[in-house]
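# Summary of the model geometry
What follows is the residue order along each chain.
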Amino acid sequence: GFERTVVEVVQKTKALGLDPRNATKAEAAAPEKPTGPEWSKEQQRQLEEAMARHPASLEINERWTRIAAEVEGKSKKECVARVKLIRERLKSQDDG
C-alpha cells in the first residue's frame, strides 16, 4: 500500500461523500476501483446516452471529456474504464 497525508484522507473521504470525521485512514487510503466505487443505474444510463450523443468521430479526448461531463459524479478516466470493463465482460461472454 501507500501512505496518504491527513489532507489527502480528508479530501478522499469528502470525494466519496463520507464524513471525514468518521472515516478511518485505511478506508480513505484504499485504492479506487477502476470504475469508481459503484455505478448507479442512473449513471449507467447517463453514460450510455452521452456515448450515443457524442460520436466516435470526435477527437478521443474531447469525446470522453464531453461524455464525463454528462455523467454525474464520474471522471473521464472512470467513464473510459467502465466502458472497457463492460466490453471485456461482453467479449468473455461471447468467447465462453
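Residues numbered from 1 in each chain as written. Predicted model: local features only at pLDDT ≥ 70, side-chain atom pairs only at ≥ 80, totals over all residues. Heavy atoms only, no water.

If you walk through the whole model with that rule in mind, you get zero aromatic pairs. Arg63 extends its terminal NZ or CZ atom over the ring of Trp64, reaching a point 5.7 Å from the ring centre. (Phe/Tyr/Trp six-rings, centres within 6.5 Å; stacked < 30°, edge-to-face > 60°. Lys NZ or Arg CZ within 6 Å of the ring centre and 35° of its normal.)

Attention now moves to the nonpolar core. The biggest cluster of nonpolar side chains holds ten residues, and these are Trp39, Leu47, Ala50, Met51, Trp64, Ile67, Ala68, Val71, Cys79 and Val83. Broken down by secondary-structure element, the contributors of at least two residues to this core are helix 3 (41-53), helix 4 (60-69) and helix 5 (76-95). Residues within four places of Ala50 in sequence aside, it is in contact with Ile67 and Glu70. (Core = buried A, V, L, I, M, F, W, Y, C linked by side-chain atoms within 4.5 Å. Buried < 20%, exposed > 50% of the residue type's maximum accessible area, 1.4 Å probe, protein only. Helix = DSSP H or I, 4+ residues; strand = E, 2+ residues; numbered from the N terminus. Contact = heavy atoms within 4.5 Å.)

Quick look at the pattern of salt bridges now. Counted according to the given criterion, the structure contains five salt bridges. The partner of Glu70 in a salt bridge is Arg53, and the shortest N-O contact between them spans 2.5 Å. Taken together, the residues span a long stretch of sequence, with Glu70 in the loop between helix 4 and helix 5 and Arg53 in helix 3 at a distance of 17 residues. We classify Glu70 as partly exposed; its relative accessible area is 28%. Here Asp95 ties to Lys91 by a salt bridge, and the two come within 2.9 Å at their closest N and O atoms. Here Asp95 and its partner Lys91 are both found in helix 5, four residues apart, which amounts to about one turn of the helix. In this structure, Asp95 and Lys91 share a single accessibility class: exposed. Connected through shared salt-bridge partners, Glu42, Arg45 and Glu49 make up one network. (Salt bridge = Lys/Arg side-chain N within 4 Å of Asp/Glu carboxyl O.)

Quick look at helix 3 now. End to end, helix 3 covers 18 Å across 13 residues, agreeing with the expected 18 Å (1.5 Å per residue, within 8%). All of the buried residues along helix 3 are Gln43, Gln44, Gln46, Leu47, Ala50 and Met51. Taken down its axis, helix 3 places every buried residue within 160° of arc, on the same side. Opposite the buried face of helix 3, at more than 90 degrees from it, the exposed residues are Lys41 and Ala52. Looking at the buried residues of helix 3, the elements they touch are helix 4 and helix 5. (Expected span 1.5 Å × (residues − 1). Arc of directions from axis to C-beta.)

Once that is clear, we can look at the packing of helix 3 against helix 4. Relative orientation and spacing of two packed helices are given, respectively, by the angle between their axes and the distance between those axes. With their axes 9 Å apart at the nearest point, helix 3 and helix 4 run at an angle of 140° to one another. Accordingly, the angle class assigned to the pair helix 3 and helix 4 is oblique. The handedness of the crossing between helix 3 and helix 4 comes out as right-handed. Of the residues in helix 4, those touching helix 3 at Leu47, Ala50 and Met51 are Arg63, Trp64 and Ile67. For the contact of helix 3 with helix 4, the residue count by class is five nonpolar, no polar and one charged. (Axes fitted to C-alpha atoms, helices over the stretch in contact; angles between N-to-C directions. Parallel < 35°, antiparallel > 145°, perpendicular 65-115°, else oblique. Left-handed = near helix turned anticlockwise from the far one by under 90°. Nonpolar A, V, L, I, M, F, W, Y, C, P; charged D, E, K, R; others polar.)

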